[in-house]
Amino acid sequence: MQSEKVENVTEITSHFRFLSFVCDVSDTTHKCIETSHTPRGKIVLTKVYECCFGFMRKRGEFGCQEEILLSSIPDLLKTLGLTELDSVGLSSEVLASDNNNFTVFAPSNEVLAKFVLPALQQHGGVNVMKDIGSVVIVSQEISNSVIEDTRNILLGHVAVGRLTSSRLTDDMIVETASPLKSSIRINTYEQPKKLVTANCKPITSTDNIAINGVVHVVSDVLMPVTGSILDLVKKNPELSFLKTVLGSSPMAATLREPGRYTLLAPTDAAFKKHVELLTRILGDDKKCMENVLQNHLLPNVICSSVIEGCAQTKNSLGRALQVTRDQDNKLYVEGAQIIVTDIMATNGVIHVIDDILVPDEALNIVELASKKNYSEFLKLLERAGLKKDLALAENITVFVPSNEAMQSLPSNVVAKVTSDVELLKETLKYHVVPDAFSCRALYNNKLLDTLEGTSLRINEYSTFPFGREWLQTVQCASFEAETIKGCNGNILVVNKILSPPTGDLVDVLAMDRRFSYLTTLLKVADIADMLQEEGPFTLFAPTNEAFKRLGSDAVETLKKNPSHLKSPLMDHVARESMHVPRENGKLTHIVPLVSDRLTVHVQGVIHQPSTFALIPGFLHMFDQFPALVRDRLRELLKQVLES
């Protein structure tokens, strides 16, 4: 059934709405941009208030009360000292018309003089008369040719219509009168300095009003812009390696289409500094290649003139790149020098750099661990012969213990693991999951299958609603950093080495003499079978020393009454995986135990904790009972003795 469209019906929306205002004021305009973020998306409303033609605002007074003495564009250019435009007949022939309005982006006389003389010399036959200053003698034929070429280029500085500064918006494309079909890209910046550019040349003076238009003064000649970024890369002999890499990348289509991009283009010499990387990305490693290219592409136009001191801008990977201008006026991006700036294209700008910006996302796991200086883990990989396997693996997650975690291991444990290569290999495989996960994709009690064959358990703890602290662990090891993304997977840094489980809770208790009393009592009370089922469980395990403090014959007495013994022992079992924070840690965790008659405040209960990672859950030991449990056991002992 098709419903009929009804007009003037109120749209259902949420209450969310965010408004921001940005206003600019000049002598003749007041412009405000209102940006509204709603459930339907971003809505931008621009309001422009302009003085009537021929009037301007008088400082300190309301409205536009000061009259401007207007002249034609040619006369205005003379007043501004911009007379060189008339040397090729542009001013008098084109800009004197009373029938049209024009916008002129006018270079200064000094800039035009520097531009015209090299153009004459390129045509040959130029004789510079040194004894009479800057006078040059050329043939009429060459002169006419140069004037025609220059005139066509300068027509690329003229647009039809009156475009005052209030009408110039960021990434606006202005079509020009040039027969070369070139255009002008306008860009506006607020930080690190307020700037408006035309084809990345700063506009130094705006809104010089004439009877038949407006003149904006630019800092340099605007050369014709007719090719895309991809076209310019293909034509540049210094960018042949980049051209080859782009040839097999989806980015080539992006750089051919209309848009607003900045490409940081490494030279051939830059690629030769990274032969191994170049070999890899030109081979079958398309994902790494794409990450390298995306690291050099910015989703907006950044002109070199806006860079001051140290600033940053995001690239297509979402990473912030640091750009700097040093005291010698040299420009750098992430340490690579920008050696050629502001090569304008129809869809953006190119800056040529002298090195490749290699992102983490272009490195394999081994390269990434080396870059982040996880040297202790790499030593173990080397000894186990697993470096090549991890470098060539695809789509993996590696839980990498920090150097501090590795160095904190007892020397006898290190000696045992490193002396047995097979044991070391299985231990390291326990840190590798054959799927790429980030911390944010993990959740409480999620199990991750490892290359070793068993699973890792993720747990999350929060003090909500009593606080804002939050903790995420894997096998009771805490994460120390955000996800580090590589080309063939991710690295998650943890504060402990992860040991493969040796059995269920009962198995671990049976292998440790310190828990012989507890093991016996769990079997007597018929709890052992439950603890061997699928968990997760957490067992707060009293040592033999804890039972001895109840009395020398306490264990034998408790064994005689299994039905009453079960209840206090179940007070030591939680039906969830619980990580006990390190001593003096801030996070506390409150959890109901299986019996539902006791709530454990972890940091208040555990005395000298020791944690074991197990298949169904976790075991924490203590060598004295909490007061409430101790009193219940003593009451039970008393009842047994009396009976």
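Bear in mind the structure is a predicted one, so any value in this text is a computation, not a measurement.

1. Some remarks on the overall build of the protein chain
Looking only at helices and strands, the protein chain has 24 helices and 35 strands in total. The proportion of buried residues among the 643 residues of the protein chain is 46%. Once local pairs closer than 6 in sequence are excluded, the contacts in the protein chain between residues at least 24 apart make up 60%. Of the accessible surface of the protein chain, which amounts to about 33500 Å², a share of 51% is contributed by carbon and sulfur atoms.

2. Description of unusual backbone geometry
Cis geometry is found at the peptide bond from Q191 to P192, where omega equals 0°. Mapped onto the secondary structure, P192 falls in the loop between β11 (183-189) and β12 (195-198). Phi angles above zero are rare outside glycine, and N199 is one such case at about 50°. Within the secondary structure layout, N199 lies in the loop between β12 and β13 (201-210).

3. Remarks on the state of the cysteines
Counted by the stated rule, this structure contains three disulfides. Covalently, C51 is tied to C64 through a disulfide, its sulfur atoms 2.0 Å apart. Across the S-S bond of C51 and C64 the torsion is about -70°, and the bridge reads as left-handed. With C51 in the loop between β3 (41-50) and β4 (55-56) and C64 in the loop between β4 and β5 (66-67), this pair connects stretches of sequence that are 13 residues apart.

4. Focus: the sheet that holds strand β21 (residues 348-353)
Read across the sheet, seven strands follow the order β16-β15-β21-β20-β19-β18-β17 without closing on themselves; strand pairing throughout is mixed. Each edge of the sheet is formed by a strand with only one pairing partner; in this case those strands are β16 (297-298) and β17 (310-314). Sheet topology note: the β17/strand β18 (residues 320-325) ladder contains five bridges and is antiparallel. What sits directly across from K314, in β18, is A320.

5. Concerning empty space enclosed by the protein
All told, the structure shown has two cavities of 30 Å³ or more when counted by the stated rule. Here the largest cavity is characterised by a volume of approximately 60 Å³. Residue lining of the largest cavity: L264, L298, I302, I307, T313, L321, V323, V333, I338 and H351, and that is the complete set. For the lining of the largest cavity, the class distribution of residues is eight nonpolar, two polar and no charged. Within this model, the second largest cavity holds a volume of roughly 50 Å³. In this structure, the second largest cavity is lined by L242, L246, M251, L255, L263, L264, P266, F271, V292, L293 and H296. Elements that contribute at least two residues to the lining of the second largest cavity include exactly α6 (240-247), α7 (251-256), β15 (261-266) and α10 (286-295). Examining the composition of the lining of the second largest cavity, we find that three residues originate from one element, β15, more than from any other.

6. Description of the pairing of strand β14 (residues 213-218)
Looking down a regular strand, the side chains alternate between one sheet face and the other. The buried fraction of β14 is high, at six of six residues. Of the two faces of β14, the one holding G213, V215 and V217 and the one holding V214, H216 and V218 are both buried throughout. Summarising the sheet, strand β6 (residues 102-107) and β14 pair through six bridges and their orientation is parallel. If you follow V104 over to β14, its bridge partner there is V215. Looking at chain direction, β13 and β14 are connected through five bridges and run antiparallel. Bridged to A210 within β14 is G213. Remark: two residues form the turn of the hairpin made by β13 and β14, two consecutive strands paired antiparallel.

7. Side note on the nonpolar core
The nonpolar side chains of soluble globular proteins are, as a tendency, buried together. Membership of the largest hydrophobic core comes to 26 residues, with the highest contact counts inside it found for I229, V233, L242, L246, L255 and L263. Contributing elements (two or more residues each) for this core: α5 (229-235), α6, α7, β15, α8 (268-272), α9 (275-281), α10 and β21. With residues near it in sequence (within four places) discarded, L263 still touches I229, V233, L242, L255, H296, L297, V349, I350 and H351.

8. Comments concerning the sheet that holds strand β26 (residues 470-474)
Read from one edge of the open sheet, four strands run β24-β25-β26-β27, paired in antiparallel fashion. Two strands in the sheet have a free side with no partner beyond their single neighbour: β24 (447-449) and β27 (477-478). With three bridges joining them, β24 and strand β25 (residues 455-462) adopt antiparallel strand pairing. Looking across to β25, one finds that L447 is bridged to R457.

9. Quick word on the pairing of strand β10 (residues 172-175)
Burial along β10 is one-sided: M172 and V174 are buried, while I173 and E175, pointing the other way, are not. Relative to β11, β10 is paired through four bridges, and the arrangement is antiparallel. Bridging across to β11, V174 finds its partner in I184.

10. Thoughts on the pattern of salt bridges
Tallied over the full model, the rule gives 14 salt bridges. In this structure, D360 and K371 form a salt bridge, with 2.7 Å as the shortest nitrogen-oxygen distance. Highlighted residues: D360 in the loop between β21 and α11 (365-371) and K371 in helix α11, separated in sequence by eleven residues. The partner of K372 in a salt bridge is D360, and the shortest N-O contact between them spans 3.1 Å. Note that K372 is positioned in the loop between α11 and α12 (375-384) and D360 in the loop between β21 and α11, a separation of twelve residues in sequence. Classification of K372 as partly exposed rests on a relative accessible area of 34%. Each of R319, D360, E361, K371 and K372 takes part in salt bridges that share partners, so that together they form one network.

11. Brief notes about the side chain of E361
By secondary structure assignment, the location of E361 is in the loop between β21 and α11. Once residues lying within four places of it in the same chain are set aside, the contact partners of E361 are N291, L317, R319, K485, G486 and C487.

12. Here's the deal with the environment of S26
Locating S26 in the fold gives a position in the loop between β1 (18-25) and β2 (29-38). By relative accessible area, S26 is classed as partly exposed at 21%. For S26 and E50, which are 24 residues apart along the polypeptide, the C-alpha to C-alpha distance reads 9.5 Å. With residues up to four places along the chain from it excluded, the contact list for S26 reads R57 and D207.

13. With respect to the packing of aromatic side chains
For the structure on display, the rule yields three aromatic pairs. With 6.0 Å between their ring centres and 45° between their planes, F241 and F271 make a pair best called tilted. Of this pair, F241 sits in helix α6 while F271 is found in helix α8, placing the two residues 30 residues apart along the sequence. A centroid spacing of 6.2 Å and a plane angle of 35° characterise the contact between F399 and F479, whose relative ring orientation is tilted. Taken together, the residues span a long stretch of sequence, with F399 in strand β22 (residues 396-401) and F479 in the loop between β27 and β28 (484-485) at a distance of 80 residues. By relative accessible area, which is 0% here, F399 ends up buried. Its relative accessible area of 17% is what places F479 among the buried residues.

Calculation notes
- Residues numbered from 1 in each chain as written.
- Predicted model: local features only at pLDDT ≥ 70, side-chain atom pairs only at ≥ 80, totals over all residues.
- Heavy atoms only, no water.
- Helix = DSSP H or I, 4+ residues; strand = E, 2+ residues; numbered from the N terminus.
- Buried < 20%, exposed > 50% of the residue type's maximum accessible area, 1.4 Å probe, protein only.
- Contact = heavy atoms within 4.5 Å.
- Areas by Shrake-Rupley, 256 points an atom, 1.4 Å probe, with all protein chains shown as cover.
- Disulfide = S-S within 2.5 Å.
- Pairing = 2+ DSSP bridges.
- 1 Å grid on protein atoms, 1.4 Å probe; cavity = no way out; pocket = protein on both sides within 12 Å on 5 of 7 lines; lining within 4 Å.
- Points joined across faces, edges and corners; volume = space filled by probe spheres on them.
- Nonpolar A, V, L, I, M, F, W, Y, C, P; charged D, E, K, R; others polar.
- Core = buried A, V, L, I, M, F, W, Y, C linked by side-chain atoms within 4.5 Å.
- Salt bridge = Lys/Arg side-chain N within 4 Å of Asp/Glu carboxyl O.
- Phe/Tyr/Trp six-rings, centres within 6.5 Å; stacked < 30°, edge-to-face > 60°.

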